Amino acid sequence: MKPQPYRGRQVVLPTLHAKSQAIAPAFAERLGAQVVEHPCDTDRFGTFSGEVAREGTALDAARRKVAQAFADTDAELALASEGSFGPHPETGFIPAGQELLHFADRARDFALTVSLTTAETNYRMAEVDSLDALTEFAQRARFPSHALILATGPRDARRRVLKGIRDETALAQAFANLLRESGETAVWVETDMRASHNPTRMAAIAQLAQTLATRLDTPCPACGLPGWGQVDALTGLPCAWCGTPTRLVHSVVHGCVKCGHSERRERPDGRATADPGHCPECNP
Ligand SMILES: [Zn+2]
Ligand SMILES: [Zn+2]
């Protein structure tokens, strides 16, 4: 029988933003583990709306949250979620969300990080000088199912920030108030990226939680530790016409979180050659 190392175990999740909604189902169904929120002030590790700048990378911030959970509790298992938003890393033209989940097992002494880049996000910001412009922004941002933030002052030195706005009357009122009190002719509006205020982001975290739970349910074939799975993708799939290596994925590497064992595997879809449209020789 397959080992079930996390059945009946608790995994502590430091968050103020109800992220266990997105993560707990995958951990319960796949691992039989319970995700328990640890209400620590994760905002001091950085906020999306610019009041607290995040120090270092998303992974640094996730590691700090996990370390905080281990310091505050006697839990052996902890998990942190971190999101980043900006131009898509490949195309640059469309906004993208990057989600990261960082899991740590204190007793087995290993950590596992999984990440996801998705164009499925409502992330955007703009300066608006009329209620019409604000309403148009709100529609594109999937308001009111997704909350908005209104702010005055430059992004690195906000004077006023109103978060979590979720109904039309409150939005119009906040807009009028900020214009009046700032004496300016425009107000910044941006999407509220906190998971509890953003169902699209919650769905991305849920998808990534499935990936993480699947990894934790897969033992390393060499040492048996949980967390085995894809750690790298190698490009160079040969062109179907001339055999030149392309930038498409040729094979994937699966690896262990700790012992260093790894195995190279064919592409999951079994494709052995690339369409010549991707070839630098046939289609430069
Ligand atoms: Zn191993
Ligand atoms: Zn070719």
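Residues numbered from 1 in each chain as written. Chains lettered and ligands numbered in written order. Predicted model: local features only at pLDDT ≥ 70, side-chain atom pairs only at ≥ 80, totals over all residues. Heavy atoms only, no water.

**Q** Looking at this model, I keep getting lost on the overall build of the protein chain. Mind explaining?
**A** Along the protein chain, the regular secondary structure elements total five helices and 12 strands. In the protein chain, buried positions account for 43% of the 284 residues. A sequence separation of at least 24 residues applies to 59% of the contacts in the protein chain between residues at least 6 apart. Of the roughly 14300 Å² that the protein chain leaves accessible, carbon and sulfur atoms contribute 49%. A distance of 4 Å separates the average location of the 31 positive side-chain charges in the protein chain from that of its 34 negative side-chain charges. (Helix = DSSP H or I, 4+ residues; strand = E, 2+ residues; numbered from the N terminus. Buried < 20%, exposed > 50% of the residue type's maximum accessible area, 1.4 Å probe, protein only. Contact = heavy atoms within 4.5 Å. Areas by Shrake-Rupley, 256 points an atom, 1.4 Å probe, with all protein chains shown as cover. Lys, Arg positive; Asp, Glu negative; His and termini not counted. Charge placed at Lys NZ, Arg CZ, Asp CG, Glu CD.)

**Q** What am I meant to see in the sheet that holds strand E11 (residues 249-255) here?
**A** Consider a sheet: its strands pair through backbone hydrogen bonds, and that pairing is either parallel or antiparallel. Spatially, the three strands line up as an open sheet ordered E10-E11-E12, and their pairing is antiparallel. The open sheet has two free edges, formed respectively by strand E10 (229-235) and strand E12 (262-266), since each of these has just one partner strand. On average, each strand axis in the sheet is tilted by 30 degrees relative to the strand beside it, whichever way the strands run. (Pairing = 2+ DSSP bridges. Axes fitted to C-alpha atoms, helices over the stretch in contact; angles between N-to-C directions.)

**Q** Whenever I open this one, the side chain of His88 confuses me. Can you help?
**A** In this fold, His88 is placed in the loop between strand E3 (77-87) and strand E4 (95-105). What makes His88 buried here is its relative accessible area of 12%. Those residues in contact with His88 that lie beyond four places of it in its chain are Ile94, Pro95, Ala96, Thr117 and Ala119.

**Q** In this structure, what is going on with helix H2 (residues 58-72)? I would like to understand it.
**A** Structurally, the α-helix is built with 3.6 residues per turn, so residues lying three or four positions apart point the same way. The end-to-end C-alpha distance of H2, which contains 15 residues, comes to 21 Å, matching closely the 21 Å that a straight helix rising 1.5 Å per residue would cover. Residues of H2 that are buried: Ala58, Ala61, Ala62, Lys65, Val66, Ala69 and Phe70. Buried residues belonging to H2 abut strand E1 (10-14), strand E2 (34-38), E3 and E4. (Expected span 1.5 Å × (residues − 1).)

**Q** Just checking my understanding: could you explain the environment of Asp129 for this structure?
**A** Summarising the element assignment, Asp129 is placed in the loop between strand E6 (125-128) and helix H3 (131-140). With a relative accessible area of 55%, Asp129 lands in the exposed category. Sequence spacing of Asp129 and Ala71 is 58 residues, and the spatial spacing of their C-alpha atoms is 47 Å. In this structure Asp129 touches Phe175, Thr185 and Ala186, once residues within four positions along its chain are discounted.

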